[in-house]
Amino acid sequence: MNQRNFDSESAPVWLGAPGDRESSEQLRVVADEALLVTGDTGRALRLATHHGSRLPAIGEGNTRHLFEMLATVSAADLSAARVTDGHLAALSVLGQASVEPAQLPGGETGRTRSWGVFAAEARGTRLDATESEQGWRLDGLKPWCSLAGSLSNALVTAHTSSDALRLFSVDLAAPGITVLEDTWVGRGLPSITSGPVDFRGVPAVAIREDDWYFNRPGYAWGGIGVAACWFGGAVGIARRVFRGAQDWPADQIALAHLGAIDVTLSACGGVLAAAAASIDDGTATGQAGALLAARVRGLVARSVEEVIARAGHALGPWPLAFEARHSQRVADLELYVRQHHAERDEAALGALLLDGGPVPGGGPSPW
């Protein structure tokens, strides 16, 4: 990779007009570090834990900068973004619960802790939590546990009854935990293994009451932060299309795809910036927050799919076949964006609109 291409890949990602010099320097530093991750789990964890305590928490007045940081990391390396987002999400949840991470069990003395959030549910799996005089214990199978074999700690949701879930903090080095890493065969995010974890009598610390994790305002906000990562990944692909147009005489087809990509990503950046403002001014709560998250995630996910398709049409097969970074970025993003459940999430948005939401094109706007 020549120096010009390296510089463009590690450039800051803005949601609108570029920020001040200090913000630009911060983004460029983290972008340079993320670009060197190249899918390496250890490097991704070091980046996440190093910057985790230095980044603003979501909803505390500087959410736009947080989203720009996530997007910048994602444009450089999506494995780094996936790890960083999970770590920051866990710290944000603990902050909202008024729990100090260092006071929770887990992690070797003097070692920086790395966090993840395991909250997915799937058919055929169930994790139960039971309480006794010795405290809470977890038993069962939890799906989609990203990097469970590499992290020190995790926040995990488990069933306390047939219709209630509670959040728990778990020391991932505790006995009774079996990480089923060999089930992960993804070509996207290959080093971010996200297989199931088997829990057998694992001690856990309860974080707040039943269903608090899902009912807090930050639950919707976290989903918007993930969309900022998808957006950044699409920016990374768009930059390759831009360089292709610079390096070779671009025909009308290539220019049309480049222009369409720019329109799409400009819309995404504006929506993410507006969402960040709504989160910080306190209007993205309750149903308004849920609507905001559904709309932003839907727009960004659809835009990501369009950018991937247009990049393939504009560039042809060469970068996918002979450029390791571009090919991996496309594979990573195709898997990452599937956290959006496409038509199923759009149907959920439709249900929200019918359940007292604004009429499309009218009524109060959530941002």
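Before reading further, recall that the structure is shown in the block above.
Residues numbered from 1 in each chain as written. Predicted model: local features only at pLDDT ≥ 70, side-chain atom pairs only at ≥ 80, totals over all residues. Heavy atoms only, no water.

Another aspect to go through is the overall build of the protein. For the protein, the count of helices and strands is 12 helices and seven strands. At 21 Å, the protein has a C-alpha radius of gyration in line with the 21 Å of a compact globule built from 367 residues. Dimensions of the protein, computed from the C-alpha atoms along their principal axes, are close to 75 × 50 × 40 Å. The proportion of buried residues among the 367 residues of the protein is 49%. Pairs at least 24 residues apart make up 75% of the contacts formed inside the protein by residues separated by at least 6 positions. (Helix = DSSP H or I, 4+ residues; strand = E, 2+ residues; numbered from the N terminus. Rg over C-alpha atoms; globule rule 2.2 N^0.38 Å. Buried < 20%, exposed > 50% of the residue type's maximum accessible area, 1.4 Å probe, protein only. Contact = heavy atoms within 4.5 Å.)

On to the pairing of strand β7 (residues 197-207), then. Two elements, strand β3 (residues 135-142) and β7, share seven bridges in a ladder whose sense is antiparallel. Bridge pairing in β7 places Lys-142 opposite Val-197. As paired elements, strand β5 (residues 164-171) and β7 share three bridges and run antiparallel to each other. Bridge pairing links Ser-169 to Val-205 in β7. (Pairing = 2+ DSSP bridges.)

For the rest of this paragraph, the subject is the nonpolar core. Phe-67, Leu-138, Val-170, Ile-224, Trp-230, Phe-231 and Val-296 are the most contacted members of the largest nonpolar core, which totals 89 residues. In terms of residue count, helix α7 (residues 218-247) provides more of this core than any other element does, 14 residues in total. Ignoring sequence-local partners within four residues, the contact set of Val-296 consists of Ile-224, Ala-227, Val-271, Leu-272 and Ala-275. Grouped together as the second largest cluster of nonpolar side chains are 11 residues, Val-93, Leu-94, Leu-104 and Trp-212 included. (Core = buried A, V, L, I, M, F, W, Y, C linked by side-chain atoms within 4.5 Å.)

In this section: the packing of aromatic side chains. All chains considered together, the criterion is met by six aromatic pairs. Their ring planes at 40 degrees and their centres at 4.4 Å tell us that Trp-318 and Phe-322 sit as a pair that is tilted. Taken together, the positions of Trp-318 and Phe-322, both in helix α10 (residues 318-322) and four residues apart, correspond to about one turn of that helix. Judged by relative accessible area, Phe-322 falls into the exposed class, the value being 59%. Chaining the aromatic ring pairs together yields one cluster made of Tyr-213, Phe-214 and Tyr-219. Taking NZ or CZ as reference, Arg-216 lies 5.8 Å from the ring centre of Trp-212, over its face. (Phe/Tyr/Trp six-rings, centres within 6.5 Å; stacked < 30°, edge-to-face > 60°. Lys NZ or Arg CZ within 6 Å of the ring centre and 35° of its normal.)

Its location among the elements puts Arg-208 in the loop between β7 and α6 (212-215). Judged by relative accessible area, Arg-208 falls into the partly exposed class, the value being 39%. Distance in space between the C-alpha atoms of Arg-208 and Leu-167 is 7.2 Å, their sequence separation being 41 residues. Not counting the four nearest positions on each side in its chain, Arg-208 is found in contact with Gln-96, Ala-97 and Arg-166.

Function-wise, these values are silent; they only describe arrangement.
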